[in-house]
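# An overview of the molecular structure
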Amino acid sequence: MTTGPTIGLFGGSFDPPHLGHVALARQARDQLALDEVRWLPAGEPWQKAGRVVAAAADRVAMVALAIAGEHGMVLDERETRRAGPSYTIDTVDDLRAECPGAALVLVVGQDQYAGLPTWHRWRDLVDAVTLAVAGRAGEAPRPAPELAARPHRVVVLDLPPVPVSSTAVRAAAAAGADLQALVGPAVAGYIARRGLYRAPSPA
Ligand code: ATP
């Protein structure tokens, strides 16, 4: 039995945050009655070494804009302050020490779920959290064989497809397109003011 809050952990490079992220976080919050969803921008996303375009300070500022006014959404900057790669298990270890009674729910899209057995200390991670997984790009939630063979707690999120990715947003920005329909007006305004993603970027 849990005695404390149920906290959703939502990590990503958020380069930039887009409406797919917001829809996923809302669905997790509402479907699982989470007390909060913590957005955790990665400092050095080890999965995207050399491919992150915007500085951590800009990605943090954009997440703040993306979740402004959203109930139950919290920005947690700890991974951008940590030296070295951003490993989710380190954040989970921190939170277990900070909030010992909390239940932790790790919110991911199918691409991340499929790659989970490549994550640092992934077995410790899946033992510590419940996974909340959304389908993505036409792919329903499905674990990699290594994960399927290990008992783990998983909930499938009932999220209608949201066909957007940060890669597509960066490409649209480089092409000079209007970004509001992909990221919302506040993040689109920030990208324009800061001149982010003007040059074509690596996929
Ligand atoms: P990039 O295109 O740069 O790889 P991204 O759009 O995948 O970026 P991330 O910041 O890497 O964005 O994603 C953070 C989390 O949000 C991941 O778990 C990812 O699977 C999930 N996610 C992102 N976009 C969607 C979407 N459209 N539908 C469902 N899940 C999504």
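The text that follows walks through the structure, step by step, so that each part is easy to find. (Residues numbered from 1 in each chain as written. Predicted model: local features only at pLDDT ≥ 70, side-chain atom pairs only at ≥ 80, totals over all residues. Heavy atoms only, no water.)

Looking along the chain, the bond that leaves Asp15 and enters Pro16 is cis, with omega of 5°. Tracing the backbone shows Pro16 in the loop between strand 1 (6-12) and helix 1 (19-31). The phi dihedral of Phe14 is positive, around 50°, even though this residue is not glycine. With respect to the secondary-structure elements, Phe14 resides in the loop between strand 1 and helix 1. Positive phi, normally seen in glycine, also occurs at Ala33, with a value near 50°. (Helix = DSSP H or I, 4+ residues; strand = E, 2+ residues; numbered from the N terminus.)

Here the focus is the environment of Pro143. With respect to the helices, strands and loops of the structure, Pro143 is situated in the loop between strand 5 (130-134) and helix 7 (145-148). With a relative accessible area of 26%, Pro143 lands in the partly exposed category. Along the chain, Pro143 and Leu116 lie 27 residues apart, while their C-alpha atoms are 8.2 Å from each other. When sequence neighbours within four positions are dropped, the list of residues in contact with Pro143 reads Tyr113, Ala148 and His152. (Buried < 20%, exposed > 50% of the residue type's maximum accessible area, 1.4 Å probe, protein only. Contact = heavy atoms within 4.5 Å.)

The next subject is the side chain of His18. Checked against the element boundaries, His18 lands in the loop between strand 1 and helix 1. Since its relative accessible area comes to 4%, His18 is described here as buried. Of note is the side chain of His18, whose polar atom sits 3.0 Å from the backbone nitrogen of Gly20. If we ignore the near neighbours within four places in the chain, the residues touching His18 are Val164, Ser165, Ser166, Val169, Leu182 and Val183. (Polar contact = N/O pair within 3.5 Å; in protein donor to acceptor, adjacent residues only side chain to side chain.)

Below, the discussion takes up the pairing of strand 4 (residues 103-109). Where burial is concerned, most of strand 4 is hidden: six out of the seven residues are buried. Where strand 1 and strand 4 come together, four bridges link them in parallel fashion. Bridging from a neighbouring strand, Ile7 pairs with Leu104 of strand 4. The pairing of strand 4 with strand 5 spans five bridges and is classified as parallel. What sits directly across from Leu106, in strand 5, is Leu131. (Pairing = 2+ DSSP bridges.)

The next thing to look at is the pairing of strand 1. In this structure, strand 1 lies alongside strand 2 (residues 36-41), joined through six bridges in parallel fashion. Following the sheet pairing, Phe10 is matched in strand 2 by Trp39. With helix 1 bridging strand 1 and the parallel strand 2, this β-α-β connection has right-handed handedness. (Right-handed = clockwise from strand over helix to strand, strands pointing away.)

What follows covers the nonpolar core. In terms of nonpolar packing, the biggest core is built from 33 residues, with Phe10, Trp39, Met62, Val107 and Leu179 touching the most fellow members. Contributions of two or more residues to this core are made by helix 1, strand 2, helix 2 (56-67), strand 4, strand 5, helix 8 (166-174) and helix 10 (185-194). In this structure Trp39 touches Phe10, Phe14, Pro17, His21, Val22, Ala25, Val63, Ile67, Met73, Val74, Leu75 and Asp76, once residues within four positions along its chain are discounted. Counting 22 residues, the second-largest nonpolar core is a separate cluster that includes Ala102, Leu104, Leu125 and Val126. (Core = buried A, V, L, I, M, F, W, Y, C linked by side-chain atoms within 4.5 Å.)

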